[in-house]
Each structure stands twice: as C-alpha cells, then as structure tokens.
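Remarks on the overall topology
One-letter residues, chain by chain:
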Amino acid sequence: MLDCPICERRVLTTNGICPACSTDLRNESDVQRRVLKRKASAIAMTARAKGASYGEIETELSKGGVDQDLIKEIMIQVEGKTPEALAEKSEMDMRHGLYWLLGGILVSVVTYMIARASEKGGVYIIAYGAVIGGVIQFLRGLLGSSGKK
C-alpha cells in the first residue's frame, strides 16, 4: 500500500498503476510533473482569488521553478478556458437564455389574458426585450457548445 501522489489516496497498486486515478506510478518524471502541476495550479488559483493579475501569477510560478509549458497549461486553467469550463459556460448560457425566453413569453401571455378579460379592455406587456435577449443568449450558448465537440 502507498499514497498516490496525484489523487492522494492510500491505494494498493496494480502493476504500478493507481486504481483510483489510473496514474502510471512507474513513470517517475510524469508523476513529478503532475504533482508540480497540481501544486502550482493551487498556488495560481489562490493568487487569482486574492486579485493577483495574470502577469503576477506567471512571474510567481516562474520564480518557483515551473517551466513555461506548464505555466501555459496552468494559466489556461486559471483563465477558465479549459474545454470543461467552456462547455459549462455554454450550457449555462443556453439555460439562462431559455429562462429569459420563457419568462418573456409568460409575461406577455399572462398580461394579455388579464387585459382581454377586463371589461374596459386593458393594457398588456409584450416583453420582446426578454424574448429577443433570451434567444440571443441561447444561440450563443448553442454555438459555443457545438464548436467544442
């Protein structure tokens, strides 16, 4: 039994591979790089949460001995431009666009029905701003998700 340096679980290795995270523990340089990336990512995320600029984070990581290729990978993760982050943003855009669209239609229909039921006629709202904005946001999310597949 040993502690996997990647997933930090106490595991019984099978042929030198961690059954929890599938890391090949026999490849020492790969393991060290992944451990360094995890630690450097934590430092970068913490610094960004405290308001550090991207340049300050890159400088701090390079002073810590992190190579430029690894810094680029980490900065993509910090900026939220990983494929997972972009897919999540696209899904959120689609969901919010749908909410605005349905909300605009609902407001328009309900106020029209109330105005129509009134004996003297009435005033109703056509919430075209919410409908158009919802369609645009939904399409932006849809196009963003289709380009990532």
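This text gives an overview of the structure that appears in the document. What you see is a predicted model; the values in this text were computed from it and never measured.

Conventions used here
- Residues numbered from 1 in each chain as written.
- Predicted model: local features only at pLDDT ≥ 70, side-chain atom pairs only at ≥ 80, totals over all residues.
- Heavy atoms only, no water.
- Axes fitted to C-alpha atoms, helices over the stretch in contact; angles between N-to-C directions.
- Helix = DSSP H or I, 4+ residues; strand = E, 2+ residues; numbered from the N terminus.
- Left-handed = near helix turned anticlockwise from the far one by under 90°.
- Contact = heavy atoms within 4.5 Å.
- Buried < 20%, exposed > 50% of the residue type's maximum accessible area, 1.4 Å probe, protein only.
- Parallel < 35°, antiparallel > 145°, perpendicular 65-115°, else oblique.
- Nonpolar A, V, L, I, M, F, W, Y, C, P; charged D, E, K, R; others polar.
- Core = buried A, V, L, I, M, F, W, Y, C linked by side-chain atoms within 4.5 Å.

Considering the packing of helix 2 (residues 54-63) against helix 3 (residues 68-78)
Interhelical geometry of helix 2 versus helix 3 gives an angle of 145 degrees and a closest axis separation of 10 Å. Like other packed secondary-structure pairs, helix 2 and helix 3 cross with a definite hand, here right-handed. Along its contact with helix 2, which presents Tyr54, Ile57, Glu58, Leu61 and Ser62, the element helix 3 presents Gln68, Ile71, Ile74, Met75 and Val78.

Some details on the side chain of Ser90
Position of Ser90 among the secondary structure elements: in helix 4 (residues 83-117). Among the residues examined, Ser90 registers a relative accessible area of 7% and is labelled buried. In this structure Ser90 touches Gly141, Gly144 and Ser145, once residues within four positions along its chain are discounted.

Quick notes on the packing of helix 1 (residues 28-49) against helix 2
Close contact between helix 1 and helix 2 brings their axes to 10 Å; oriented N to C, the two are set at 150 degrees. For the element pair helix 1 / helix 2, the angle class is roughly antiparallel. Crossing hand, helix 1 versus helix 2: right-handed. Where helix 1 abuts helix 2, its residues Ala40, Ile43, Ala44, Ala47 and Arg48 lie against Tyr54, Ile57, Glu60 and Leu61. Looking at the contact of helix 1 with helix 2 residue by residue, the classes come out as seven nonpolar, no polar and two charged.

Section: the nonpolar core
One finds Ala40, Ala44, Ala47, Ala52, Ile57, Leu61, Val66, Leu70, Ile71, Ile74, Met75 and Val78 forming the largest nonpolar core, which totals twelve residues. Counting only elements with at least two residues in this core, the list comes to helix 1, helix 2 and helix 3. Here the element with the most residues in this core is helix 3; it accounts for five residues. When sequence neighbours within four positions are dropped, the list of residues in contact with Met75 reads Tyr54, Ile57 and Glu58. Cys4, Cys18, Leu25 and Val35 belong to the second largest nonpolar core, which has seven residues in total.

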